Amino acid sequence: MTETYNPAQQKVIDMLGRSSDRPEIPTGLADELRADIENSLLPVMHLLPDGSSYEKRFFLNKQGVTNVHSCEGFFIGGQGEFEWTHANCKGTIVHKTIEVSINLRQPMPPTDLVEESISRLSNDSSKSISEFLITLDEYDRAELVGECSGLFTRFTECFPPIKNAWIPQVESSLALNLAGNRIRIGGKVDLALGRPPDKVIIDFKTGHPSLAHHDDLRLYALIDFLALGQAPRKVASYYLDSTDVHQEDISETILRSAARRLQDGLVRAIELKLGGAEPVLRPAALCRWCAISADCPTGLEYLAQKNEAEGW
Ligand code: SF4
């Protein structure tokens, strides 16, 4: 029986479903890109930890790659301590709820599912979010349940029901080991559908679209490509608030550009974190959230000019 979708769900199917005009990926490209990255690391090999255990590896994730390309000062010390807030925990709760909903044998009301997700996350002491969730008072918790239920309901209304035949993988880890396991590039995919070469990687986002979201997904496509030798067919950001879908077909050009970005960022990250290189400051909007902006004359000057231009 043919599935009937509402217009919003059909839009997702049309954007992410199979198409016949898939870009050709040359045989041997994965080996070539991996070799390029490995070669670029040779000048910084002496700086790397020995990789004898998980802790003794140089670790970089998508945020680190983005930060080192943004402002090197921010990469080194600008992020500050991560803190869970009402705003940033919503994504984790909704992801968890989506994850569970895919494997439910009987549908549950959205509020019950969100309640259950919050309870599970609260009780999981291995997750830092639990420390935040258990401190919420009744009002804050109820508010969070309401907001997350709203996002989750919108997702179920606008995203096509995910079938088992699509081989969904939720919150699956991706990793690329380099330099004889002395470097690990890691990440987590919110949702992957299908098997390579028909795989589609989807990141769920709350908040505004950003160019960095494209870069994150290209990095994930590259990691998958280097691990499996087959690239995903497509990557997409799915915005939970607006239900917008920003998708991109994975081509040779995109894989080459993602490899170059990773290669340059990785070498520079090692030079900065392990080699004590002088950071190049690139003031930008990021300065507003930078933990060291009060001690950064470059950032302060940028912010002062920006505030003046905006009439503050
Ligand atoms: S304040 Fe701005 S320029 Fe200075 S380190 Fe932070 S992000 Fe970079």
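Residue indices begin from 1 for each chain and proceed along its sequence in written order. Only residues with pLDDT of 70 or above have their local features reported here, since the model is predicted, and side-chain atom pairs are shown and tallied only from 80 upward, although totals for entire chains, interfaces and linings are computed over all residues. For side-chain calculations, the full set of non-hydrogen atoms in the structure is used, while hydrogens and water are omitted.

## Digging into the site of the ligand
Thinking step 1. A single heavy atom is enough: if one lies within 4 Å of a molecule or strand, its residue is considered near that molecule or strand. Close to the ligand lie Cys71, Gly73, Phe74, Leu281, Pro283, Cys287, Cys290, Ile292, Ser293, Cys296 and Gly299, which account for all nearby residues.
Thinking step 2. Taken together, the residues of the shell around the ligand sort by class into 8 nonpolar, 3 polar and no charged. Amino acids outside the nonpolar list (Ala, Val, Leu, Ile, Met, Phe, Trp, Tyr, Cys, Pro) and the charged list (Asp, Glu, Lys, Arg) are all regarded as polar, and Gly is one of them.

## Quick notes on the domain arrangement of the chain
Thinking step 1. Start and end positions for the domains come from either an automated domain assignment or a database one. Each assigned domain of the chain is listed here: domain 1 (26–79 + 165–273) and domain 2 (86–161).
Thinking step 2. Of note, the centres of domain 1 and domain 2, computed from C-alpha atoms alone, are 27 Å apart.
Thinking step 3. A contact between two residues is defined here by any heavy atoms of the two lying within 4.5 Å. Listed per partner, the contact involves 14 residues of domain 1 and 13 residues of domain 2.
Thinking step 4. Buried area is understood as the total, over both parts, of accessible area removed when two parts are fitted together, assessed with a 1.4 Å probe. Contact between domain 1 and domain 2 buries roughly 1200 Å² in total, counting both sides, with carbon and sulfur atoms accounting for 75%.
Thinking step 5. For this analysis, a salt bridge means a side-chain nitrogen from Lys or Arg found within 4 Å of a carboxyl oxygen belonging to Asp or Glu. Inspection of the domain 1/domain 2 interface yields 0 salt bridges.
Thinking step 6. Polar contact is defined as a pair of N or O atoms within 3.5 Å, subject to the rule that within protein one atom must be able to donate a hydrogen and the other to accept it, and that residues adjacent in sequence are counted only when both atoms are side-chain atoms. On the surface where domain 1 and domain 2 come into contact, there are 1 residue pair in polar contact (both at pLDDT 80 or more).
Thinking step 7. A run of H or I in DSSP counts as a helix once it spans at least four residues, and a run of E counts as a strand once it spans at least two, with each numbered from the N terminus. Elements with a minimum of two residues in the side of domain 1 that touches domain 2: β2 (169–178), β3 (183–193) and β4 (200–205).
Thinking step 8. Residues belonging to the side of domain 1 that touches domain 2 are distributed by class as follows: 8 nonpolar, 3 polar and 3 charged.

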